[in-house]
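Residues per chain are reported as follows:
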Amino acid sequence: MQRDLIKNIQARGEEGQAVTVAGWIKTKRESKAFSFIIINDGSSQADLQIIADSGIPGSEDLNQAGTGASIRVEGTLKRSQGKGQSLELVASQIIVLGSADASYPLQKKGHTLEFLREIAHLRGRTNTFGAVYRVRNTLSYLVHRFFQERNFLWAHTPIITANDCEGAGELFQVTTLDLKNMPKNKENGEIDFSQDFFKEKAHLTVSGQLEGEFLALGLGNIYTFGPTFRAENSNTTRHLAEFWMIEPEMAFADLQDDMNLAEDFFRYLCAGVIKENPDEINFLAKHYGESSLENLQKLSQTPFARITYTEAIEELKKSGHKFEFPIDWGTDMQSEHERFLTEKIFKSPVIVTDYPKNIKAFYMKVNSDERTVAAMDVLVPGVGELIGGSQREDRLDILVQRMKEMGIQPEKLEWYLDLRRFGSCPHAGFGLGFERLVQYITGIGNIRDTIPCPRAPGLIGF
Ligand code: 4AD
Ligand code: MG
């Protein structure tokens, strides 16, 4: 079915040009002699008004074609007299492809984001989700372009795995055992996973980092971009149970290189969205007010503030602000602390480095003070933590000691230790949560509105 995209028509169509379009009806107004139909085909924010003379072929079917119906229209373009001088289509033929009646849930009035979440299968037809999904697409493409331009290889790390990279135990188990009749180990009565598909316990990955490390320590620079899963019981506007993560890993790199990469990456993405999706950002700015082209422009040029965890704790204490959770050296920052730093103290993205080793994962390089690790988190206004990364512990003895301290059995990760036995080298990487990025760039308030089918505690449905 050949058709012309409304995006291209509105950008460079000409008066008198013959075109064929297909799309979904947003509104229809009828007079005796004409129908005025506005359609959108998902290619951009732009709609197209169609003027259909009541005598043309197919016009008799228009009475079954209410808001939400799909139609295909052939006709000629005409410059509209009214607002914006956009192009409209004078129809010569209309085919109603799929009718829709008055029970179609997306009638003309605006709907709340909460309501639209209940009809996730239809929300791609709204201006808001059209905009969010198109920005999401642009960001995906820019992620690959950024790394490919810099000679990073896209590596596919596994989705089913036996290791828990973050050690937080927020795992979705994967099993083919019969849940009603689990095989038990005769000696201790525990479930016998040696009879399971993989002959040991398996789950969905929380991060591709550990495999990313072995690929980097052979290929140089790599990145992953794939789904990750966390069974954390967090009902917040920033957590999903299934989210996409981008994890670059660089051989022969330290924490400074890691921070520089994160900053360049973020600025590149902001600049790219300004170029590719100005209409989407303007629409979202008008309706949700959190993001704007000016803001993205500024972000694409401003270096991040950088501060150590120790300094950040001092700043938070000095602020005199009353936090719900008290903050002291050695405790993990809560979202309220992160947001205070980036929104109130710095009013810009900020990188916090050198966290206490006890609150970070086992793989981070221990600093010479032996109390902190070469970690970094990038915090951004409105969202909080967008990126988490570190230089990796590349000394075998210290890594083994850290694993033991954190209750991780070194025997289970012999392959990971091999990387420190044979040609170990300084290396570093980070993980960027893709939906938090989409949330930040679009200014949409809830992470559940950044992905077509959000997964969260108690939420599957689609
Ligand atoms: O800070 P995290 O847990 O770091 C890692 O997984 C490292 N292995 C990354 C690395 O160094 N290669 O997660 C990284 C990012 C967070 O900063 C956040 O943006 C996002 O992933 N994230 C989530 N996004 C949505 N929902 C959740 N439940 C998330 N948990 C983490
Ligand atoms: Mg983190």
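Everything below is about the structure printed above this text.
Residues numbered from 1 in each chain as written. Chains lettered and ligands numbered in written order. Predicted model: local features only at pLDDT ≥ 70, side-chain atom pairs only at ≥ 80, totals over all residues. Heavy atoms only, no water.

Undergrad: Mind showing me how you'd approach the site of ligand 1 here?
TA: Around ligand 1 sit 25 residues, and of these Glu 166, Gln 209, Glu 232, Glu 247 and Glu 385 come closest. The side chain of Glu 166 places a nitrogen or oxygen atom 2.7 Å from a nitrogen atom of ligand 1. Between Ser 207 and ligand 1, the recorded distance is 3.0 Å, taken from a side-chain N or O atom to a nitrogen atom. For the shell around ligand 1, the secondary structure elements donating two or more residues are strand S11 (242–251), strand S15 (384–391) and strand S16 (427–433). Here the shell around ligand 1 is composed, by residue class, of nine nonpolar, eight polar and eight charged. (Near = heavy atom within 4 Å. Polar contact = N/O pair within 3.5 Å; in protein donor to acceptor, adjacent residues only side chain to side chain. Helix = DSSP H or I, 4+ residues; strand = E, 2+ residues; numbered from the N terminus. Nonpolar A, V, L, I, M, F, W, Y, C, P; charged D, E, K, R; others polar.)

Undergrad: Just to check I follow, could you spell out the packing of helix H10 (residues 396–405) against helix H11 (residues 414–421) for this structure?
TA: Two numbers describe a pair of packed helices, the interaxial angle and the distance between the axes. Two numbers describe how H10 lies on H11: the axes approach to 9 Å, and their chain directions differ by 155°. In this view, H10 runs roughly antiparallel relative to H11, as classed from their interaxial angle. Between H10, through Leu 396, Leu 399, Val 400 and Met 403, and H11, the contact on the second element is made entirely by Tyr 416, Leu 417, Arg 420 and Arg 421. Looking at the contact of H10 with H11 residue by residue, the classes come out as six nonpolar, no polar and two charged. (Axes fitted to C-alpha atoms, helices over the stretch in contact; angles between N-to-C directions. Parallel < 35°, antiparallel > 145°, perpendicular 65-115°, else oblique. Contact = heavy atoms within 4.5 Å.)

Undergrad: Sorry if this is basic, but what is going on with the sheet that holds strand S3 (residues 48–53) here?
TA: Think of a sheet as strands paired side by side through backbone hydrogen bonds, with each pair either parallel or antiparallel. With mixed pairing, five strands are arranged side by side around a closed barrel as S1-S2-S3-S5-S4. Strand after strand, the sheet turns through a mean of 55° between neighbouring axes, direction not considered. For S3 and strand S5 (residues 87–98), the ladder comprises three bridges, and the chain directions are parallel. Its bridge partner being in S5, Ile 50 is matched across the sheet by Leu 89. (Pairing = 2+ DSSP bridges.)

Undergrad: When you look at unusual backbone geometry in this model, what are you seeing that I'm missing?
TA: As a rule of thumb, non-glycine residues mostly have phi less than zero, and peptide bonds are mostly trans rather than cis. The backbone of Lys 199 shows a phi angle near 65°, a positive value even though the residue is not glycine. Take Lys 199: it is sitting in the loop between strand S8 (173–174) and strand S9 (202–204). On the basis of relative accessible area, Lys 199 is assigned to the exposed category, the value being 61%. One non-glycine residue with positive phi stands out, namely Asp 354, at about 55°. Structurally, the position occupied by Asp 354 is in strand S13 (residues 350–356). (Buried < 20%, exposed > 50% of the residue type's maximum accessible area, 1.4 Å probe, protein only.)

Undergrad: Which parts of the structure should I look at to understand the pattern of salt bridges?
TA: Oppositely charged side chains are able to pair whenever their charged atoms sit close together. Within the structure shown, the criterion is met by 24 salt bridges. The shortest N-O distance in the salt bridge between Arg 134 and Glu 280 comes to 2.7 Å. Separated by 146 residues along the polypeptide, Arg 134 in helix H3 (residues 127–149) and Glu 280 in helix H6 (residues 278–288) bring together distant segments of the chain. Accessibility classification places Arg 134 together with Glu 280 in one group, the buried group. Here Glu 149 makes a salt bridge to Arg 150, at a shortest N to O gap of 3.6 Å. The class for Glu 149 is partly exposed, based on a relative accessible area of 47%. Residues joined in a network through salt bridges with shared partners are Glu 263, Asp 264, Arg 267 and Arg 306. (Salt bridge = Lys/Arg side-chain N within 4 Å of Asp/Glu carboxyl O.)

Undergrad: Before we go on, may I ask you to explain the sheet that holds strand S6 (residues 153–154) in this structure?
TA: The mixed open sheet is built from eight strands, whose spatial order is S6-S10-S11-S16-S15-S14-S13-S12. Looking along the sheet, the strands with just one partner apiece sit at the ends: S6 and strand S12 (305–308). Looking at chain direction, S11 and S16 are connected through five bridges and run antiparallel. Residue pairing in the sheet places Met 250 in a bridge with Ala 428 of S16. Each of S12 and S13 is contacted by helix H8 (residues 309–318), which is oriented at about 95° to S12, the strand it contacts most.

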